[in-house]
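Read off the chains here:
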Amino acid sequence: MAMSRRAVFVCCDGLGRDWVRPDKTPVLEGLKRRAAWCEDHNGVFPSVTRVSAASIATGCQPARHGLQGNRMGLLEGERIVVRDVGAPDFRTHLRRATGRTLRTPTLAQRVADAGGCIAYSNVSPGAAYFLDPDNHGHVHHRDGSFAPGGASLDALAVTHDAAGDWAMTERFCEDVLGRARPAVAMLWLCDPDHTLHGVPLGSPDHDQALRGAERCVEAVVRAVDRLRAAGDDILMMVGSDHGHETIGDVIDVEAWLSANGLADLVESGDVASAGQGTSALLYATERGRGRLLGVLDAIARQPWAGAVLTDAALAAAGFAAQDGVVAAVDLARDPAPNPFGVPGRRWVAYEGKPVPVGSGQHGGRGPDETRPFLLVDDGGGAGRVGRATSLVDIAPTIARHLGLSLDGFDGRPLERS
Ligand SMILES: [Zn+2]
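Let's talk about the overall build of the protein
- Each helix and strand in the protein was counted, giving 13 helices and 20 strands.
- Radius of gyration (C-alpha) of the protein: 21 Å, near the 22 Å computed for a compact globule of 417 residues.
- Summarising its shape, the C-alpha atoms of the protein cover approximately 70 × 50 × 40 Å along the three principal directions.
- Here the protein holds 417 residues, and the buried ones make up 58% of them.

A short note on the side chain of Ser-52
- Along the polypeptide, Ser-52 turns up in helix α2 (residues 49–58).
- Using a relative accessible area of 0% as the deciding quantity, one classes Ser-52 as buried.
- In this structure the side chain of Ser-52 is engaged in a polar contact, spanning 2.7 Å, whose partner is the backbone oxygen of Val-48.
- In contact with Ser-52, other than residues within four places in its own chain, are Val-44, Ser-47, Trp-188, Asp-241, His-242 and Leu-391.

Details of the sheet that holds strand β16 (residues 333–337)
- Judged by pairing direction, the sheet is mixed, and its 4 strands sit side by side in the order β16-β17-β11-β18 without closing on themselves. The open sheet has two edge strands, β16 and β18 (360–361), and neither has a second partner.
- When β16 meets strand β17 (residues 343–349), the two strands line up antiparallel, connected through 3 bridges. Paired with Asp-334 across the two strands is Arg-345, which belongs to β17.

Cut-offs and rules
- Residues numbered from 1 in each chain as written.
- Predicted model: local features only at pLDDT ≥ 70, side-chain atom pairs only at ≥ 80, totals over all residues.
- Heavy atoms only, no water.
- Helix = DSSP H or I, 4+ residues; strand = E, 2+ residues; numbered from the N terminus.
- Rg over C-alpha atoms; globule rule 2.2 N^0.38 Å.
- Buried < 20%, exposed > 50% of the residue type's maximum accessible area, 1.4 Å probe, protein only.
- Polar contact = N/O pair within 3.5 Å; in protein donor to acceptor, adjacent residues only side chain to side chain.
- Contact = heavy atoms within 4.5 Å.
- Pairing = 2+ DSSP bridges.

Purely geometric stuff here, so don't read any function into it on its own.
Listed below in structure tokens is the structure:
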């Protein structure tokens, strides 16, 4: 008999919870009438896509799965080298530096012999591949797709925009939900995140990106309803990974470190900063550690610094001061509204590219970026999950539905309140 107990997760990248409201997201509002709404759903730190993807895939906080950022420092030949996790070959550099990818198993690994996992993603290749970095299941992406064991498949022939999201969704509904029918099916849309990185929050372009994502969600809901009518027991979860905040200004953290007494350590690769949008991770080798610690108080006094987090504060955020990370800086926030009345302008970390001031960004601990949304449609009708929930609760909720072990997750299965 074919596997009839299945789970579907749809991620609307970058759709903060406060944007789910009748005038902006009628489809999600409709889903609220048949699903449980997570009232206090939280992102992970840093609130960037690749780290969020690894937390959703493993049900673990970054402290345990070990993927630290969208950009991450690796110790390579005695130097800290900051690499872009979004690059298709990042996993190779990570394996070379540390001997592994993620430190905790993914859902794809947990279901490899129990119905399998298929993920379709239209975000960066890094964020797609960290859903299943060791190829236990299928991952489909524009830059290349992989079968279990790592064999290459045809790349997903879609564009990195709303049209690509829609084309991917049509294929997902037909090929994955309708035909392949794996135990776990994941669809990760690039919008509204992709659009928001170039337009203001609350703008007509933002609204249009929400409509595009909603059209995709609606198609998945229709497909799931057809399969349920045919007898499949499907847990459907629709959510996001983080929200967005407005870029107010930009700070080059490494340049600041160099100008404030650490130029030799930055030059020698003993101190480095990996920007995460509205936050930054500060790395040091053993040689650089003491002098980096010595400037943290001065950093905390800078207008661009919100909070400087070290050991205990990082641990409380689900992050660990390990693998070279000494501290993290959550960049400052000014509550002033943008031209569309959306409050909060943030400093962002310079990452080597021009920064579109006034557009959306995320990565830190601001109010919108840390509040993703999550709807759990388990066939039980409208309801609520009142406790504080997190991205790490998604995988254990799916595992429980499939009757798998709940060992090793940081998260807990979601229960209606
Ligand atoms: Zn994202």
